[in-house]
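# Fold and geometry: a report
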Amino acid sequence: MALHTKLAEQVEPDLLAAVICAGDSPMSRLRYVTESGLSAPTVSRAARALIKDGLLAEGEQFPIDRRGRPEITLKVNPKRVHLGLVVEDEAEPAGRSAGVRVVGMPVTLDGKPFEGLSPIAVPIAHRKIPDLITSVADTVRQLRHKVEERGGGVEGVGVTLGGHISADNWVEYSSNIGSEQDQPSPLGSHLQEAIQLPVMLENDANALARRHLWFTQEPTSTYAIVLLKADGIGCGIVADGSVFSGARGMAGEFGHLPMDPNGPVCRCKNDGCLEAIATPRAISRSLGVDGFDQVIRAAADHDEEAARVLGEAGSCLGRALAMLINLVDPGKIFLLGVDELTDREANPTAAVYLDAMAEAVQKHVFRSARDRYDLEHIWAYLTVSGLLTETETTVAAAAQCIQGVVSSRSGSNG
């Protein structure tokens, strides 16, 4: 193989990733040459190969220099599609579980809804693997029909769910499947057999971290996405520009940090886990009420017991975040959570919870980090917002497939 051809092949995955990650800023051969420092012939050869294989296409022309010489942009082939499926609890606003479902959407290589299609939701009858497979297959059938009737093709499926998902597509443990599911399951191979498409499983928080890595212009190379749901807490870690999942896919089980050895029993059957203390459902259980709506009313009425439990829960999360900071030293933490605990403008519960959280972070971070995480500066390094939309979470589910396409151009599985 000629040296110039070999070099072009090495450039292909990076050029493809650059086009995918360009967002609303058009990527062209000339722009990539300028940013990468590579020669124009090498970049042109790589672009031709990607276009020939149907991954990229040429887009619009625009003037690139003062003489008005046009440059043709590069874009992903809009007909190559992956399905992003999210297996999740269908939680009511009050924090009760209304069942479990699959939410799915077709996603193009640049992380956008195919042809502007919206996500669909399919209920799962019971928290058991056969019912989950049936609902996933139904979701895939519906979405595949929508894609194919519009001239696209589905190439693979990314599925996310909470819990420990190993790199070989096994579910080691997931509450989405049910607490009776104590044995590991080769769910990925079961799904592939049912839908006859490649399937990639991933933990939900790791998937959100991967979406953030690929489809936002985050300047920090090391950060954490903390996911605070009605009854669970997860964490996706990006370290040096890669999602860190650990040796067996278990990294980021943030909700199962042992915070209180004498605390309530967690659904994982350990005592005093973070998510057994600091989630809406845990707070409701601690106060002996049926649903977080009653906690909100109590907080609005300045109930002292509600304020105490909310403060303890927020403080518990703050201590856990301090552990994360001390271990990982993230440049930034993104806390994505239910409105009841993150929207201080709309919910009195959120103000009590977040203030206690911030105070605990400041108190427990390593001393050299306290200037960043004191009460004056903490919100510059710890961003709090609501949960992502269904469109965003389904894009996150598909992101692992998209990364796989890029990695395949270099012959790696990274």
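Right above here is the structure, for reference.
None of the values given here were measured: they were computed from a predicted structure. (Residues numbered from 1 in each chain as written. Predicted model: local features only at pLDDT ≥ 70, side-chain atom pairs only at ≥ 80, totals over all residues. Heavy atoms only, no water.)

## Some details on the overall build of the protein chain
Along its length, the protein chain carries 13 helices and 15 strands. In terms of C-alpha radius of gyration, the protein chain reaches 23 Å, essentially the compact-globule figure of 22 Å for 414 residues. When burial is assessed residue by residue, the protein chain has 49% of its 414 residues classed as buried. Considering only contacts within the protein chain whose residues lie at least 6 apart along the sequence, 61% involve residues at least 24 apart. In the protein chain, 39 side chains carry a positive charge and 54 a negative one; their mean positions are 7 Å apart. (Helix = DSSP H or I, 4+ residues; strand = E, 2+ residues; numbered from the N terminus. Rg over C-alpha atoms; globule rule 2.2 N^0.38 Å. Buried < 20%, exposed > 50% of the residue type's maximum accessible area, 1.4 Å probe, protein only. Contact = heavy atoms within 4.5 Å. Lys, Arg positive; Asp, Glu negative; His and termini not counted. Charge placed at Lys NZ, Arg CZ, Asp CG, Glu CD.)

## Regarding the nonpolar core
One broad trend across soluble globular proteins is that nonpolar side chains are buried collectively. Within the largest apolar cluster, 39 residues are counted, with the highest numbers of intra-cluster contacts made by Phe254 and Leu321. Among the elements of the structure, strand S11 (223-228), strand S12 (233-239), helix H8 (292-300), helix H9 (304-328), strand S14 (332-337) and helix H11 (348-364) are those that each provide at least two residues to this core. Broken down by element, this core gets its largest block of residues, 10 residues, from H9. Residues contacting phenylalanine 254, with those up to four places away along its chain left out, are Val226, Ile233, Gly234, Cys235, Leu274, Leu317, Ala320, Leu321 and Leu324. (Core = buried A, V, L, I, M, F, W, Y, C linked by side-chain atoms within 4.5 Å.)

## Some points on the sheet that holds strand S15 (residues 382-386)
Strand pairing in a sheet takes place through backbone hydrogen bonds and is either antiparallel or parallel in direction. With mixed pairing, the five strands of this open sheet are ordered in space as S13-S12-S11-S14-S15. Of all strands in the sheet, those bounded by a partner on one side alone are strand S13 (242-244) and S15. Within the sheet, the average angular offset between the axes of one strand and its neighbour, ignoring direction, is 25°. Bridge analysis of S14 against S15 gives five bridges, and the strand direction is parallel. When the sheet's bridge partners are listed, leucine 335 is paired in S15 with valine 384. Packed on one face of the sheet, H9 meets S11, S12, S14 and S15 and runs near 145° to S14. (Pairing = 2+ DSSP bridges. Axes fitted to C-alpha atoms, helices over the stretch in contact; angles between N-to-C directions.)

## Considering the side chain of serine 284
Checked against the element boundaries, serine 284 lands in helix H7 (residues 280-287). Under the relative-accessibility criterion, serine 284 is labelled buried at 4%. Beyond its immediate chain neighbours, meaning those up to four positions away, serine 284 contacts Val289, Gly291, Phe292 and Val295.

## Digging into H8
Every buried residue belonging to H8 is among Phe292, Val295, Ala298 and Ala299, and all of these are buried. One face of H8 carries all of its buried residues, which in axial projection span an arc of 110°. Packing partners of the buried residues in H8 comprise H7, H9, helix H10 (339-342) and H11. Directly after H8, the chain includes histidine 302, whose backbone phi takes a positive value near 60°. (Arc of directions from axis to C-beta.)

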